[in-house]
Amino acid sequence: MHKPFRTAAVLGAGVMGTQIAAHLANAGLTVHLLDLPAKTSNKNELVEGAFKKALTQSPPIFFTEKTTRRVILGNFDDHFHRVAEVDWVIEAVVENLDIKKQLMQRLEDTIRNDAIVSTNTSGLLIHAIAEGRSESFRRRFLGTHFFNPPRYLKLLELIPTADTDPQVLAQMQWFGQIHLGKGVVIAKDTPNFIANRIGMFVTMLGVKAWTEQGYTIEEIDTLTGTIAGRPKSATFRTADLVGLDTLLYVAYNLYPAIPHDESREIFRVPNVLKKLVETGTLGAKTGQGFYKKQKGEILSLNPETMAYEPARPSNLGEIDVIEKMPDVGDRLRALYADSGRAGEFFRQSTLAILNYSANRIPEIANCVTDIDRAMRWGFGWELGPFEIWDALGFEPVLTDMKAAGMPVPAWVETMQQMCAKSFYKNHHVYKPELHYTPLEISSEIDLTAIKTDPQRVLWHNPEAALLDLGDGVVLYEFRSKGNTLSLNVVNGLEEVLNLLQTHDFKGMVIGNSSAHFSGGANLAEMGMMAQAGNFDALVKLIIQFQTLMQRIHYFPKPIVAAVQGRALGGGCELVMACPQVVAAAETYIGLVELGVGLIPGAGGIMRMVARATERAASETLSQIQPFIQKAFETIATAKVSGSAYEAQELGYLPCDARIVMDGDRRLAIAKAEILHLDYVGYTPPPEQNSIMVLGRPGRAMLEQAAYIFQQSGYASEYDRYLAGRLAYVMTGGELTAPSLVHEDYLLQLERETFIPLLGQPKTQERIAHMLKTKKPLRN
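Residues take numbers from 1 onward in each chain, read along the sequence in its written order. Under the rules for a predicted model, residues below a pLDDT of 70 receive no local features and side-chain atom pairs below 80 are neither given nor counted, while totals for whole chains, interfaces and linings still include all residues. Here the side-chain values reflect all heavy atoms present in the structure, with hydrogen atoms and water set aside.

## Concerning the environment of lysine 481
No. 1: Along the polypeptide, lysine 481 turns up in the loop between strand E17 (473–478) and helix H20 (487–502).
No. 2: Along the backbone, lysine 481 and phenylalanine 346 are 135 residues apart, and their C-alpha atoms lie at a distance of 29 Å. Comment: elements are numbered from the N terminus, with helices defined as DSSP H or I runs of at least four residues and strands as E runs of at least two.

## What to know about the nonpolar core
No. 1: In this description, a nonpolar core means a group of buried Ala, Val, Leu, Ile, Met, Phe, Trp, Tyr and Cys residues linked to one another through side-chain atoms lying within 4.5 Å. Using a 1.4 Å probe on the protein chains alone, a residue whose accessible area is under 20% of its type maximum counts as buried, one over 50% counts as exposed, and one in between counts as partly exposed. Counting 127 residues, the largest nonpolar core has Leu24, Trp88, Tyr476, Met508, Ile510 and Ile552 as its most contacted members.
No. 2: By the convention used here, residues are in contact when the closest approach between their heavy atoms is within 4.5 Å. When residues no more than four places from it in sequence are discounted, the contact partners of isoleucine 552 are Leu493, Leu497, Ile510, Ile559, Leu574, Ala577, Cys578 and Pro579.
No. 3: Judged by nonpolar contacts, the second largest core, of 109 residues, contains Phe147, Phe201, Ile266 and Leu316.

## Notes on the sheet that holds strand E8 (residues 183–186)
No. 1: Any two strands with at least two DSSP-identified bridges between them are counted as paired. Read from one edge of the open sheet, eight strands run E3-E2-E1-E4-E5-E6-E7-E8, paired in mixed fashion. Of all the strands in the sheet, the pair left with one neighbour each is strand E3 (71–75) and E8. Neighbour to neighbour, the strand axes of the sheet diverge by 25 degrees on average, direction disregarded.
No. 2: Where strand E4 (residues 88–91) and strand E5 (residues 116–119) come together, four bridges link them in parallel fashion. Across the sheet, the residue bridging to tryptophan 88 is isoleucine 116, located in E5.
No. 3: Sheet strands touched by helix H15 (residues 368–379): strand E7 (155–160) and E8. Its angle to E8, the strand with the most contacts, is close to 140 degrees. The axes used here are C-alpha line fits, helices contributing only the stretch in contact, and every angle between their N-to-C directions lies in the interval 0 to 180 degrees.

## So, unusual backbone geometry
Across residues other than glycine, the phi torsion is negative in most instances, and most of the peptide bonds are trans.
No. 1: For the bond from asparagine 148 to proline 149, the omega torsion is 0 degrees, close enough to zero to count as cis.
No. 2: Relative to the elements of secondary structure, proline 149 occurs in the loop between strand E6 (141–146) and E7.
No. 3: A cis geometry characterises the amide bond from isoleucine 361 onward to proline 362, with omega recorded as 10 degrees.
No. 4: Following the sequence through the fold, proline 362 ends up in the loop between helix H14 (341–359) and H15.
No. 5: In the Ramachandran plot, histidine 427 falls in the positive-phi region, its phi being about 60 degrees despite a non-glycine side chain.
No. 6: By secondary structure assignment, the location of histidine 427 is in the loop between strand E12 (424–425) and strand E13 (428–431).
No. 7: The partly exposed category is assigned to histidine 427, whose relative accessible area is 43%.
No. 8: Positive phi, normally seen in glycine, also occurs at alanine 638, with a value near 55 degrees.
No. 9: Position of alanine 638 relative to the elements: it lies in the loop between helix H25 (621–636) and helix H26 (644–650).

## A look at helix H3 (residues 97–108)
No. 1: Given a rise of 1.5 Å per residue, twelve residues ought to cover 16 Å, and the 16 Å separating the end C-alpha atoms of H3 matches this to within 8%.
No. 2: Here H3 has its buried residues at Lys100, Leu103, Met104 and Leu107. For H3, the buried positions fall inside an angular range of 105 degrees around the axis, keeping them on one side. In H3, the exposed residues that point more than 90 degrees away from the buried face are Asp98 and Gln102.
No. 3: Buried residues along H3 sit in contact with strand E1 (7–11), E4, E5, helix H4 (126–129), helix H5 (135–139) and E6.
No. 4: We define a polar contact as two N or O atoms separated by no more than 3.5 Å, with the added condition that, inside protein, one atom must be a possible hydrogen donor and the other a possible acceptor, whereas residues neighbouring each other in sequence contribute only through side-chain atom pairs. Residue asparagine 96 occupies the N-cap position of H3, its side-chain oxygen lying 3.1 Å from the main-chain nitrogen of aspartate 98. An expected span of 1.5 Å times one less than the residue number is assigned to each helix. The directions considered for the arc are those from the helix axis to the C-beta atoms.

## Considerations on helix H27 (residues 666–680)
No. 1: Between its first and last C-alpha atoms H27 spans 21 Å; for 15 residues at 1.5 Å apiece the expected length is 21 Å, and the two agree.
No. 2: Buried within H27 are the following residues: Arg666, Leu667, Ala668, Ile669, Ala670, Lys671, Glu673, Ile674 and Leu677.
No. 3: Just beyond H27, the residue with positive phi is glycine 681, at close to 95 degrees.

Shown next as structure tokens:
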């Protein structure tokens, strides 16, 4: 049993220090953020300035505004004594070995004898920082390499030294995953560890193709972006975001530190990068790097003239067809087989990356999974290097490597001699000397394995399935495009509820393994019905939606929504209907219907009103009005939460929702919730038969707020009209005074208001624009 940390100190309020402190605060810790004293009367001026700047970052580094209060600022002169009381100290000061070693000595004289100390260095050897410290200190010391930004990037590399106590490493691994929500990889104390070592190689390959092989920046970013299963920022946009000075610093330090690296020369700093940094061209933070935005146009750097020029026409052949392939494996195979310039670049760079990764075992990692996970979690790749190798074919890639004269490591040769066909097979992974061993999955429920087992697929249609999670718990999984609530998904949910009711199941989880829970109702289906004037069918559909949501809410067996990422519109209403919710901390949920000219029509308004009135101290107009006002503004502005905790503040999630930092655990925890509820004896929520609505007096106040919003230029005339229809429903329609109403009354108002809006031309314009551009139209 490990003891969770409750307090921490972060030393150094730079970009990483402040963000690490923020993420620890997000996890519920009290955090002391300390930095050098300022040479002014206010010694906290440096740390206060850094923290104030951090609060303006986008995307935000804190879950909510309240979370910021857990960070206590201080300086090394007046407040260093605070580290004597904390469980964990993280050093994040300047990358200077002497300064870090001096700080370690000071820490050893101050901290508790059971406190853990870690460094977030990325350029220095971990063991060197703790040289000269006592054995007790070194046993509690290790590297904890967070990736920027720590809140959003999943990877946490833990780097033990030869002296690190295995129990300390185990505690850090447990805390990192469970409480910080990280994907933890144990790295070796080698230059740049795992992800940055491979990532830097990939970046320098791109730079070489730009300076020596005639490919443009745009072409390289096209071929190393989403088409290849990597982030949209690809190679050069990522470099601009990281900072060209940082890139230069890493390369300068890495080259002399790896004298035995067979590909060392790729890290030799090119002159073009030196010139850019020398002239202060550092990337996004200076407004120009490899790219520059000028008068609304994105220009890129010409390496020969060092001038910024408009993008030249791409010469990559017919890759549009490849880009449209939904499966990343299919795209990779098509690129590898391409006979033009696109294929030539992809084959050369991919072979180099796969070969380099293979040659880093066992230097930087013991197995392929550590490298694959590091690249997926740290750099956002869909597939890691060895997963890519498997997708392209073990033998074809190995044959091409040998033909290109690349050095193949002995352990890969051994694989070939064993007639191995892949690194991964049947939930096992190949490990040098151990051969195939069971694959340790990073989540507690391997949904991929469940979906491929015919015995565990209990029901399915083209866009949904019912899966057996074991122990009497089932999972309803969306499989529609964008996980929308299509007719197949809605009809399927009704069918599986019938199965759940008549079979000996304990309860059901609603969720999936996608990045996002649900994009809401299928706008394309609804828009086509509206344009065809098929309003009778739309009425039936809304009644079906509402009836289904109510059935879920009052179902006799526990139903738990396991939500993550975006849950919008109807997806939000589905989550709100579920009496129990397990939510990943990174959940972005909202009733966004007004953005497409509608109002929530499947119970979202009713539940927001009910939750708002429950928060009030009494059922008087003056007590309820502020909560209704906030709910009205939330829906009217299509507000989407920035985290699950903010979703609770907004009323989208109940106050008893189970929020988990590691989103990969949500399905397992949702299953555990069902087993617990079944064990204690589950009872559905009581009927909402007395919801207080405010009538015309309350509606007048909401309409006044909408008018002010429009007059201030924040809303169009049609936005104000929609807000008026929303206010009408929220306050009880034509009721002249505050009244208690049944939930069915508000549901009727929802659908009576929703259907006519679908016939409005401006609403249809908004729906068409959203479907075409994925962006809201303010007409």
